[in-house]
Amino acid sequence: MLVKWSDIKIFAVIVLKIDQLITTVENKSEEVNLHELSYAKVLKQVKIKLLSEYHDYLNVFDRAMINQLSLHRFYDHKIELIDEEMLSQSRLYQMFNHKLQKIKKYLINHLNKEFIFFSFASYVSLILFVEKKDDSLRFCIDYRKLNALIKWNHYSLSLIDEILTYIQESKYLTWLNIIITFNKLRMHSYNEDLTIFIIFFNSYKYHVMLFELINEFAFYQHYMNDVLFEYLHQFCQIYLNDIIIYSKILKKHKWHV
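As the structure is a prediction and not an experimental result, all values here were calculated from the model.

### With respect to the nonpolar core
Across soluble globular proteins, you tend to see nonpolar side chains buried next to one another. Ile103, Ile127, Phe139, Phe197 and Tyr206 are the most contacted members of the largest nonpolar core, which has 29 residues in total. Broken down by secondary-structure element, the contributors of at least two residues to this core are α3 (97-113), β2 (126-131), β3 (137-142) and β6 (203-206). For this core, the element with the most residues is α3, which contributes 4 residues. Discounting chain neighbours no more than four positions away, the residues touching Ile103 are Met95, Ile127, Phe129, Phe139, Ile199 and Phe201. One finds Leu228, Phe235, Ile243 and Ile245 within the second-largest nonpolar core, a separate group that totals 15 residues.

### Let's talk about the packing of aromatic side chains
By convention here, two paired aromatic rings are described through the distance between centres and the angle between planes. What the rule picks out here adds up to 11 aromatic pairs. A connected cluster of aromatic rings, assembled from ring pairs, spans Tyr106, Phe117, Phe118, Phe139, Phe197, Tyr204 and Tyr206.

### Comments concerning the pairing of strand β8 (residues 242-247)
Residues in a regular strand project their side chains so that they alternate between the two faces of the sheet. Bridge analysis of strand β4 (residues 172-177) against β8 gives 6 bridges, and the strand direction is antiparallel. From the neighbouring strand, Tyr172 faces β8, where its bridge partner is Ser247. Here 4 bridges tie strand β7 (residues 236-239) to β8, and the two strands are oriented antiparallel to one another. Residue pairing for β8: Tyr239 is matched across the bridge by Asp242. The loop that links β7 with its antiparallel partner β8 comprises 2 residues; one of these, Leu240, has a positive phi angle of about 55°.

### Observations regarding the environment of Asn177
Its location among the elements puts Asn177 in strand β4. The sequence separation of Asn177 and Ile243 amounts to 66 residues, and the corresponding C-alpha distance is 6.4 Å. Among residues more than four places away in sequence, those in contact with Asn177 are Asn241 and Asp242. Engagement of the side chain of Asn177 in a polar contact is seen with the side chain of Asp242, the distance being 2.7 Å.

### What to know about the pairing of β3
Relative to β3, β2 is paired through 6 bridges, and the arrangement is antiparallel. Its bridge partner lying in β3, Leu126 is registered against Asp142. The turn linking β2 back onto β3 is made up of 5 residues, and Asp135 within it adopts a positive phi angle of 75°.

### Here we look at the confidence of the model for the protein chain
Any region with low pLDDT has predicted coordinates that should not be read closely. Averaged over every residue, the pLDDT of the protein chain is 78; residues scoring 70 or more account for 81%. Within the protein chain, helix α1 (residues 15-36) has the poorest average pLDDT of any element, 47, and β8 the best, 91. Between residues 8-18, whose pLDDT stays under 50, and residues either more than four places distant or in other chains, the model counts 2 contacts. Every residue in residues 28-36 scores below 50 in pLDDT, and together they form 5 contacts with partners more than four places removed in sequence or on other chains.

### A closer look at the sheet that holds strand β5 (residues 197-198)
Taken together, 3 strands build an open sheet; the order of strands is β1-β6-β5 and the sheet is antiparallel. Looking at the sheet topology across the chains shown, the edges are occupied by β1 (116-118) and β5. Here 2 bridges tie β5 to β6, and the two strands are oriented antiparallel to one another. Counterpart to Phe197 in the pairing with β6 is Tyr204. Packed onto the sheet, α3 meets β1, β5 and β6 and runs at close to 100° relative to β1.

### Describing the pattern of salt bridges
Within the structure shown, the criterion is met by 4 salt bridges. Lys248 is paired through a salt bridge with Glu169; the nearest N and O atoms lie 3.5 Å apart. Taken together, the residues span a long stretch of sequence, with Lys248 in the loop between β8 and α7 (250-256) and Glu169 in the loop between α5 (160-167) and β4 at a distance of 79 residues. Taken as a pair, Lys248 and Glu169 share a single burial class, namely exposed. For the salt bridge of Glu192 with Lys205, the shortest nitrogen-to-oxygen distance reads 3.7 Å. Here Glu192, found in the loop between β4 and β5, pairs with Lys205, found in strand β6; they are 13 residues apart in sequence, far enough to count as distant. This pair shows no difference in class: Glu192 is buried, exactly as Lys205 is.

About the thresholds
- Residues numbered from 1 in each chain as written.
- Predicted model: local features only at pLDDT ≥ 70, side-chain atom pairs only at ≥ 80, totals over all residues.
- Heavy atoms only, no water.
- Core = buried A, V, L, I, M, F, W, Y, C linked by side-chain atoms within 4.5 Å.
- Buried < 20%, exposed > 50% of the residue type's maximum accessible area, 1.4 Å probe, protein only.
- Helix = DSSP H or I, 4+ residues; strand = E, 2+ residues; numbered from the N terminus.
- Contact = heavy atoms within 4.5 Å.
- Phe/Tyr/Trp six-rings, centres within 6.5 Å; stacked < 30°, edge-to-face > 60°.
- Pairing = 2+ DSSP bridges.
- Polar contact = N/O pair within 3.5 Å; in protein donor to acceptor, adjacent residues only side chain to side chain.
- pLDDT = per-residue confidence, 0-100.
- Axes fitted to C-alpha atoms, helices over the stretch in contact; angles between N-to-C directions.
- Salt bridge = Lys/Arg side-chain N within 4 Å of Asp/Glu carboxyl O.

As structure tokens, this is what we get:
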């Protein structure tokens, strides 16, 4: 029974309409993000914050560079399995339309960068979404079955206490953060098929190293330590994609940076 109260409003909405609204909001959000991350805008902000001495290096802030597929190198991510015969097939599960649309955008974006490619194999992994704090969805591959069969790489990461010991007497510190870190390393060509994931549209494999696989931290730390080996422990410390440059004298610090 409905009571006619002046301060009460009654409304109804169907699930399909909610799905359409969610898709529209996500589309607008992504368009705004793309605009905000345009190189011209980033460059303008960087020039304001960056000392004039470093303006010759503004190109390192160009986000277009992170979308370029790197060449194969010694540091390609290699996967060693405990037992290949234990690899098993996974079955697809039902997915709502707004998630399918998000998958399509992810595929188009990464296919254009050549980070992924169409592929077929008897072993494939499924995709899943992880909800972020802002209620948006993060696209992930469920590599739990594969990770359980991968041999651990025991290359050691830098210890935070050790890093603090080196920088504690310094007066000047500069922290550099490398964006889209793991995409700069390739999957080893022999192991790309192990990264294959399947969705309703097709199945795809990765050309670049993945955050979801174990040992990625070890491979990347090894790569960074070798690249900056000449400066390591002199005026530079590295923890994965974070680089700390430290000095006691300002003039030397500017040169170190």
